Amino acid sequence: PHMLKLRDPQARRPLRWGQFNFVVGFLLWNLDSLYCDRLDFLKLHCFWHVLALLGSYHMVIFMIWRRHAALDRRPAMISDRFWLPYPNPAEPSLKEGTTIDV
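Right, let's walk through the structure included here. Keep in mind that what you see is a predicted model, and the values were worked out from it rather than measured.

Rules of the game
- Residues numbered from 1 in each chain as written.
- Predicted model: local features only at pLDDT ≥ 70, side-chain atom pairs only at ≥ 80, totals over all residues.
- Heavy atoms only, no water.
- Phe/Tyr/Trp six-rings, centres within 6.5 Å; stacked < 30°, edge-to-face > 60°.
- Helix = DSSP H or I, 4+ residues; strand = E, 2+ residues; numbered from the N terminus.
- Buried < 20%, exposed > 50% of the residue type's maximum accessible area, 1.4 Å probe, protein only.

**Overview of the packing of aromatic side chains**
Logical step 1: As enumerated under the stated definition, the model contains five aromatic pairs in all.
Logical step 2: The interplanar angle of 85° and the centroid separation of 6.2 Å between the aromatic rings of Phe-26 and Trp-29 together place this pair among those described as edge-to-face. Taken together, the positions of Phe-26 and Trp-29, both in helix H1 (residues 9-34) and three residues apart, correspond to about one turn of that helix.
Logical step 3: Here the aromatic rings of Trp-29 and Trp-48 are separated by 5.2 Å at their centres, their planes lie at 20°, and the arrangement is stacked. On the criterion of sequence distance, the pair formed by Trp-29 in helix H1 and Trp-48 in helix H2 (residues 44-70) is long-range, its members being 19 residues apart.
Logical step 4: Residue classification places Trp-48 among the buried positions, given a relative accessible area of 18%.
Logical step 5: Grouped by ring-pair contacts, the aromatic residues Phe-22, Phe-26, Trp-29 and Trp-48 constitute a single cluster.

Pasting the structure below:
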């Protein structure tokens, strides 16, 4: 299998946001663990759960985009008003005599 190049900035955006959410959430969780006696009122551990959820969502969307791109469906990323992107694949461009296994 060939590796897909990530030249499309729309495709890189969910990947970068997913990575960013996990790193920031992990840092907040560790700050909460290290300084829980002084920062107990902030409850930084809950931000880990929210950011891990958002990071997981963005990573799944990125993997869906990669799958559509691998099937040559020319996906485009669409963002709604809450900036939760989702892939919108065009019709697959099949060569004559080829099929897609589902």
